[in-house]
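Spelled out from the first residue to the last, the chains are:
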Amino acid sequence: MAGFWGKRKREQEAAQAAQDADLARRAEQALVAADERIRTAADELAFAEAELGSSMTRDLKAALDSVRTHLREAFQLHQLNHDEIPDTDEELRTRNARIVQLCDWAEDLLDEKTGALADSIARVRQAPQIIAKVRRDAEDLTARVPHTRATIERLSSRYSDSAMHQISASADEAEQLIAFATHGADVSERRRAARQTEEANLALETATEATRRAGALMDAVEDFEIEALRAESTLAEVVADSRADIIAARTAPRTPAVAAAVAELEKALDALSPAGTRNDPFAELTQLRSANAALDEAIAAAHYRAQNPLPSVAHVQHALDDADRQLGVARGLISGHRGWIGADARTRFAEAERLRIDIPALIAPEETREQAMAAARRVGQLAAEALHLAQRDIDSSRPQQQGWGGDGWGGGRRGGGGDIMGGIMGGLVIGSILDGIFD
């Protein structure tokens, strides 16, 4: 048996030695690769600064400085592994693992920062093509401006100024942006020729953005006409639906809310622009939809109230009075036995008192009276639970002796003190319940 365990131990030691050798090899390879990556990253930084300027390459420069600082630790650990001082296997293993970790982190960070600059460098190298595209886009957009002006004029004869304000100046704004884009392309060329790379890149980016915005403005004019026609079609459907709702409201319960909603919807219908006049279909559709939705809500609320009558103020007040009586009984029991009452009873009692504070303000308004009734019932329920839990805590905390006879004073059941207190507590609870029944 001893030979078996010895063989198994030698196999484990051999496996661990192989793993340590592999880790040491990986640490050396990672250190060489990381050092080479620093050199190539430094070259990439120099090229990027020449093409993009120092501001756009600031992150890569900071990353390179950080990597150089942390790689010093990796080289120091590698040096410790090969000095004349003997090391334990665990020390070598820990150092090599740290070297691999630092080198992997360094390569990942440099890859991330150089990758972030790749697109910018590509755009800079393609600057002549991009400038040519900006000028082509400017020419195409300039050709679209007359059509956009004509569309705006045609739509202005059909829709009101309030509807047209979002596109009325689109043609003028597009022209300004096109001129700005052309000027930006010229500035970018001049700055690049003067080797002012950062200014050239900024001018090119703003020129590209200007052409994009100009195209979006003119597209918005075309979209406006489509959306306006769609709004007019929807408005006709909502008008028909609103008139049907007004007719249906005659059979709904006659409440002040329904009457007010009908009046508002009729007012919105009367405010619609006559056929053949300039109108704002967006604003009219919004107003009519709002009034229509308000009538639907009022009718639904009236039907609900008819099926679920609102409790009277007196009914809610009676429920609140009953809750107050139960709170009073629980309060008296808990305050009289403070040292015996546990957390469950106290928590329910505190929650009941917290809910009780807000109830009076909810009773008078009709929209919150049901909430007041539910809260009053909840207060009563919590107070009853607190009372039950408090009584349980008191019973469990009393000494469990067998009456007077337990200590030589006679036999029989527990003495009169406990029975008297139980009778008093039971009487208070029963009295509160009877009061609630006969009030």
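S.K.: For this particular structure, what's the right way to read the pattern of salt bridges?
M.R.: Pairing between side chains of opposite charge can happen when their charged atoms approach one another. Evaluation of the coordinates by the stated rule reveals 23 salt bridges. The salt bridge partner of Asp 161 is Arg 278, with a shortest N-O separation of 2.8 Å. Here Asp 161 is found in helix H5 (residues 161-164), whereas its partner Arg 278 is found in the loop between helix H8 (256-270) and helix H9 (281-307), with 117 residues between them in sequence. On the accessibility criterion, Asp 161 (58% relative accessible area) is exposed. If you follow the salt bridges from partner to partner, you end up with Arg 135, Asp 186 and Glu 189 in one network.

S.K.: Honestly, the environment of Ile 152 in this entry has me stumped. Any pointers?
M.R.: Relative to the helices and strands, Ile 152 is located in helix H4 (residues 127-156). Sequence-wise, Ile 152 and Met 164 are 12 residues apart; in three dimensions their C-alpha atoms are separated by 8.2 Å. Among all residues touching Ile 152, those that are not within four sequence positions of it are Met 164, Ile 167, Ser 168, Ser 170, Ala 171 and Val 221.

S.K.: Sorry if this is basic, but what is going on with the packing of aromatic side chains here?
M.R.: The way to describe two aromatic rings as a pair is by their centre distance and the angle between their planes. Applying the stated criterion across every chain yields a total of two aromatic pairs. Pairing Tyr 159 with Phe 224 gives two aromatic rings, centres 6.0 Å apart and planes at 90°, and the pair type is edge-to-face. Here the residue Tyr 159 occupies a position in the loop between H4 and H5, and Phe 224 occupies one in helix H7 (residues 197-249), the gap between them amounting to 65 residues. An identical accessibility class is assigned to Tyr 159 and Phe 224; each is buried. Ring centres of Phe 224 and Phe 282 lie 5.5 Å apart, and the angle between their planes is 50°; this geometry places the pair in the tilted category. With Phe 224 in helix H7 and Phe 282 in helix H9, the pair connects residues that are 58 residues apart, well separated along the chain.

S.K.: What am I meant to see in the side chain of Ser 160 here?
M.R.: Residue position: Ser 160 is located in the loop between H4 and H5. Looking at Ser 160, the relative accessible area reads 14%, which means it is buried. When sequence neighbours within four positions are dropped, the list of residues in contact with Ser 160 reads Arg 278, Asn 279 and Asp 280.

S.K.: What is the right way to read the environment of Ala 127 from this model?
M.R.: Take Ala 127: it is sitting in helix H4. Residue classification places Ala 127 among the buried positions, given a relative accessible area of 1%. Along the primary structure Ala 127 and Ala 200 are separated by 73 residues, whereas in three dimensions their C-alpha atoms are 9.3 Å apart. Ignoring any residue separated from it by four or fewer positions in sequence, one finds Ala 127 in contact with Arg 192 and Leu 204.

Quick notes on the rules
- Residues numbered from 1 in each chain as written.
- Predicted model: local features only at pLDDT ≥ 70, side-chain atom pairs only at ≥ 80, totals over all residues.
- Heavy atoms only, no water.
- Salt bridge = Lys/Arg side-chain N within 4 Å of Asp/Glu carboxyl O.
- Helix = DSSP H or I, 4+ residues; strand = E, 2+ residues; numbered from the N terminus.
- Buried < 20%, exposed > 50% of the residue type's maximum accessible area, 1.4 Å probe, protein only.
- Contact = heavy atoms within 4.5 Å.
- Phe/Tyr/Trp six-rings, centres within 6.5 Å; stacked < 30°, edge-to-face > 60°.

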